[in-house]
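Structural features, examined
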Amino acid sequence: MLSLQTLNGLSRLVARLALNHGVVRRRRTLSTAERLCQLPRHGLPLKQPVGMHWHERQIPFIEAADDRDLAVALGLVHGHLRLTQIEIMRRLAQGRLAEILGAAALPVDRAMRIVGFTRAVPEIDARLPAGSRAWLEGFVDGINAVIAGPAGGPAPERPEEFRLLGIEPAPWTLADVLAVGRLAASDFTWKVWQKLIRLTGREDWDIIWERLITDNATAMPRFSGQGTAPGDPVDDLDFETLVDRAGRNGSNCFAVSAARSATGGAILASDPHLGLMLPNVWLVAGFKSPGFHAVGMMIPGLPVVALGRNAAIGWGGTSLHAGSSDLVDLSDLPPASITSRQETIRVRWGRPETVTIRETAHGPVITDIPRFASSGKGPLALTWIGHRPTDEVTAMLGLLQASDFDSFVTALDGFAAPGQTMIYADATGRIGSALAAHLPRRPHNPPADLAVPPEATQHWERVVTARDLPHAIDPPDGVLASANNRPAGTVVPVGFFFSADERVNRIRTLLRAKERLSVPDMAAIQLDVVMPSSLGLARQLADLAGEGLPAAPDGKIAAGEMLQALRDWDGAHRAESAGALAFELMVYYFLHRLHGEAEIDVFRATWDPWSLLHRDLATLDRPRLARAAGEAAGPAAHRFARFGSWGAMHRLRLAHPFGSVPVIGRRYRFAEEPVAGSNETVMKTSHGFHQGRHGARLGVGARHISDFANMDRNFFVLLGGQDGWLGSATFCDQLDLWRRGEFVQVPLRPETAHARFPHHMTLHPAEARVAEPAGSASGQSAPD
């Protein structure tokens, strides 16, 4: 239930946006050349001039003679392309959204401050190596140059969101970047806990927990909330939703060695799965300086390449679903073990709000956040690796400079969170894998409950790192794949909630189906929408429904077409598939008829409802199963007749966050269309259990393929576009490419980028003012 203060704040926010909407209602469309003219080029904090070549889709390649100058140029790129996005990320990490959004954002700010994303930032800052500090400071200087605008010139035009809200961005600091890094490290496990903790007050909780933790500890994507489209603006001001979008939820990554490649070089493919929204949560860049030479995808606001390659090696990753946190039961601790402090949250259009943060030796009291509150548990503390001063920036800079598998693993040894399964490929044709995480030395037996006793935190006194966790090179069959599945052979349990093996087994099957694979073959795998295990399940449901349908002929006739489509289905979740629609509808209604709403909560809470469903089919008596299937067939057939195909019900909805705001929202919605895929298809478009039209909210937001036979054969596509500027020609220009499984080629050689990218410019240091010829951002080279 929303408080009166929050409701009032939401009303004032909507009114403010509606009032200011007239200021920007005539959105100007800007070409790539026009957008690039907005980028500051003179009076910059550089030592030497820096060259930039821009693809028509506003993807840069940077040439710098100094490493710090490269960092400055990257800061300019991030500020130029994603100023609003990184501003929101900064404020979210610091619990300061209410300063610009009013009381509507107070629940999020309270939650973020209780979790304490910035808790370790001062110590991380103090421990930074000199090289990492110089890199981060250069990146910050670049962002601030965008905010300040041209030296001695007019004030820069602000993004539409700033004008709507009537705010000005403050200069960035190194601590701000570190805070955004901690936000990106949010723990996957929290997403599971928030579902399970609501069930701990049930009388059968012990049975539920034993069933979940011992039977699967594997799983599917988050079900609750993923299938709803943005509608109420409160949905997007929710702690769970915002952290879910900021953190890394899943992904696919796979590779083939040179021996299995049709090109003669190793091939690496990645498709990260995050929230489907605009702007995209990735941007693409290439660059070269004396110490760095790479191309890849970056998280806005962070000066490292998360997925990509350098001249010698490449890397991709998937969420490890690591157990990087513990919930600690404080029930038996004395009250004196909990200390309190207060922080003040400034609230736009309202009075400042005080939040009380309770802390213990085991971490903050997380149950003070309503999402973590539980009727079945006392106060719980959060022990999280992210509260320790680990340095992922230095680790990723080491990865950028790695030249072989050993230096790859060495760099990852310093990477703590979020836990990743990293896939490696190199220019010699080799492939490998490693786990990147810092994890407690827990015992291998599953935990007895969702929360652990305080004495269990002794396992955190010594952590394992990438060197202790499995890493290997040169698999015998020349293929590797990761899809958030449980890793084998670990010295400690790395987590308890993994994805089922559905996706990873499908990828391995497709990789092994051909003797040699090409880049188009790898791209085709990324587009695969077959869920093999669903075929057997579909047949079972169809047979059970046939047995359980009412004796009246009308009931059988009504369901006949739907059941026939279910029997004829090939297991592919294509948008035009009638069988996929019949399958999803039957699963939804079957579970509701079999268990009722109370038990469905268990299916929604777990990360693997399919294992529970398969267990039901194997253990419950057949008459009960047939009766439930027969009762499900009628309503499923009714919905089947209404929609006709999977894509008519399963939708891709691309919208800016303002798309959910009343009055003005329509202007911020950019796509509403059928989409293929499902929860555990390789081309993931997660949706949960549904019987009505819904939007996928988590899935393939970007794709990358690098062919190591040629330094310039690097391919990227973003769901949406590269630019976060509303009205830019490159805001959503890659959607068609994403639909068709096509890419933008981004070379690693600077000379290739110069030859192929049409827009060229030079960035000049503060002491050098050089007049560039008109049109230098639209095809001509500016002088050095």
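Residues numbered from 1 in each chain as written. Predicted model: local features only at pLDDT ≥ 70, side-chain atom pairs only at ≥ 80, totals over all residues. Heavy atoms only, no water.

Quick look at the overall build of the protein now. Scanning the protein from N- to C-terminus turns up 24 helices and 28 strands. Residues classed as buried in the protein amount to 64% of the 784 residues present. Counting only carbon and sulfur atoms, one obtains 52% of the accessible surface of the protein, whose full area is about 27000 Å². (Helix = DSSP H or I, 4+ residues; strand = E, 2+ residues; numbered from the N terminus. Buried < 20%, exposed > 50% of the residue type's maximum accessible area, 1.4 Å probe, protein only. Areas by Shrake-Rupley, 256 points an atom, 1.4 Å probe, with all protein chains shown as cover.)

As a further point, take the side chain of Asp109. Mapped onto the elements of the fold, Asp109 is located in helix α5 (residues 106-115). An unpaired buried charge is present at Asp109: no salt bridge exists, and Arg113, the closest side chain of opposite charge, is 5.6 Å distant. Separated by 3.3 Å, the side chain of Asp109 and the backbone nitrogen of Arg96 make a polar contact. Aside from chain neighbours lying at most four places away, what touches Asp109 is Gly95, Arg96, Leu97, Ala98 and Ile345. (Lys, Arg positive; Asp, Glu negative; His and termini not counted. Salt bridge = Lys/Arg side-chain N within 4 Å of Asp/Glu carboxyl O. Polar contact = N/O pair within 3.5 Å; in protein donor to acceptor, adjacent residues only side chain to side chain. Contact = heavy atoms within 4.5 Å.)

Turning next to the packing of aromatic side chains. In total, this model carries 16 aromatic pairs according to the counting rule given. The structure contains a cluster of three or more aromatic residues connected by ring pairs, namely Trp569, Phe583, Trp610 and Phe689. Directly above the ring of Tyr668 sits Arg27, whose terminal nitrogen or CZ lies 5.0 Å from the centroid. (Phe/Tyr/Trp six-rings, centres within 6.5 Å; stacked < 30°, edge-to-face > 60°. Lys NZ or Arg CZ within 6 Å of the ring centre and 35° of its normal.)

An order of β10-β11-β12 is seen for the 3 strands of this open sheet, with the pairing classed as antiparallel. The open sheet has two edge strands with one neighbour each: β10 (339-345) and β12 (363-364). Bridge count between strand β11 (residues 353-360) and β12: 2 bridges; the pairing is antiparallel. Counted as the bridge partner of Thr360 is Gly363 from β12. Contacting β10, β11 and β12, α5 crosses the sheet at an angle of about 30° to β11. (Pairing = 2+ DSSP bridges. Axes fitted to C-alpha atoms, helices over the stretch in contact; angles between N-to-C directions.)

Remark: helix α13 (residues 392-400) packs on helix α14 (residues 405-412), axes separated minimally by 8 Å, with the N-to-C direction vectors making an angle of 170°. It follows from the interaxial angle that α13 and α14 lie roughly antiparallel. When α13 is examined against α14, the residues Ala395, Gly398 and Leu399 are found in contact with a partner set consisting of Phe408, Ala411 and Leu412. Classifying every residue of the contact of α13 with α14 gives 5 nonpolar, 1 polar and no charged. (Parallel < 35°, antiparallel > 145°, perpendicular 65-115°, else oblique. Nonpolar A, V, L, I, M, F, W, Y, C, P; charged D, E, K, R; others polar.)

With the exception of glycine, most residues fall at negative phi, and the peptide bonds are largely trans. Of note, the bond from Leu278 into Pro279 is cis; its omega dihedral lies within 30 degrees of zero at -5°. Within the secondary structure, Pro279 sits in the loop between β4 (267-275) and β5 (283-288). Cis rather than trans, the peptide bond between Ala417 and Pro418 has omega equal to 0°. Inspection of the secondary structure puts Pro418 in the loop between α14 and β14 (420-426). Notably, Asp474 is not glycine yet its phi reads approximately 60°, a positive angle. Residue placement: Asp474 occurs in the loop between β18 (471-473) and β19 (479-482). Even without being a glycine, Asn484 presents a positive backbone phi close to 65°. Here Asn484 shows up in the loop between β19 and α15 (502-512).

This paragraph deals with the side chain of Thr685. With respect to the helices, strands and loops of the structure, Thr685 is situated in strand β22 (residues 685-686). At 2.9 Å, the side chain of Thr685 and the backbone oxygen of Ala676 are in polar contact. Sequence-distant contacts of Thr685, defined by excluding residues within four places in its chain, comprise His650, Val675, Ala676, Gly677, Ser678, Asn679, Ala696, Leu698 and Gly699.

Tracing the backbone through its elements, the reader meets Gly432 in strand β15 (residues 431-436). For the pair formed by Gly432 and Pro475, sequence separation is 43 residues and the distance between their alpha carbons is 7.2 Å. Those residues in contact with Gly432 that lie beyond four places of it in its chain are Phe405, Met422, Ile423, Tyr424, Ala472, Ile473 and Leu480.

Further remarks concern the pattern of salt bridges. Overall, the coordinates contain 42 salt bridges when judged by the stated rule. A salt bridge links Arg341 to Glu343; the shortest N-O distance between them is 2.5 Å. Under the relative-accessibility criterion, Arg341 is labelled partly exposed at 34%. Looking at Glu343, the relative accessible area reads 23%, which means it is partly exposed. Connected through salt bridges with shared partners, the residues Glu87, Arg90, Arg91, Arg96, Glu99, Asp176 and Arg346 form a single ionic network.

Summed over all chains, the structure comprises 10 cavities of 30 Å³ or more. Counted as a void, the second largest cavity has a volume near 270 Å³. Along its surface, the second largest cavity is lined by 22 residues, and Gly181, Leu302, Val304, Glu392 and Val393 are the ones closest to its centre. Of all the elements in the fold, those that place two or more residues in the lining of the second largest cavity are α9 (174-184) and α13. (1 Å grid on protein atoms, 1.4 Å probe; cavity = no way out; pocket = protein on both sides within 12 Å on 5 of 7 lines; lining within 4 Å. Points joined across faces, edges and corners; volume = space filled by probe spheres on them.)

Attention now goes to the nonpolar core. Judged by nonpolar contacts, the single largest core of 214 residues is most densely connected at Trp282, Phe408, Met586 and Phe590. Sorting elements by how many residues they give to this core places helix α19 (residues 578-605) first, with 16 residues. In this structure, Trp282 is in contact with Arg82, Pro272, Leu274, Met297, Met298, Ile299, Pro300, Ala306, Leu307, Ala702 and Leu718, ignoring residues within four places of it in sequence. Of all hydrophobic cores here, the second largest spans 18 residues; its members include Val519, Met522, Ile525 and Val682. (Core = buried A, V, L, I, M, F, W, Y, C linked by side-chain atoms within 4.5 Å.)

Averaged over every residue, the pLDDT of the protein is 90; the share at 70 or more is 89%. The secondary structure element of the protein with the lowest average pLDDT is helix α12 (residues 239-246), at 54, and the one with the highest is strand β2 (residues 60-63), at 99. Taken as a whole, residues 216-236 scores under 50 in pLDDT and shows 82 contacts with residues more than four places along the chain or in a different chain. Considering only residues more than four positions removed or in separate chains, one finds that residues 773-784, a stretch of pLDDT under 50, has 37 contacts. (pLDDT = per-residue confidence, 0-100.)

All right, on to helix α21 (residues 622-643) then. An ideal rise of 1.5 Å per residue puts 32 Å on 22 residues; α21 measures up with 30 Å between its terminal C-alpha atoms. At Ala633, α21 shows its maximal kink, close to 30°; a proline, Pro635, follows between one and four residues later. The N-capping residue of α21, defined by a side-chain oxygen 2.9 Å from the backbone nitrogen of Arg624, is Asp621. Directly after α21, the chain includes Gly644, whose backbone phi takes a positive value near 85°. (Expected span 1.5 Å × (residues − 1). Bend = angle between axes of the 7 residues up to and from the residue.)

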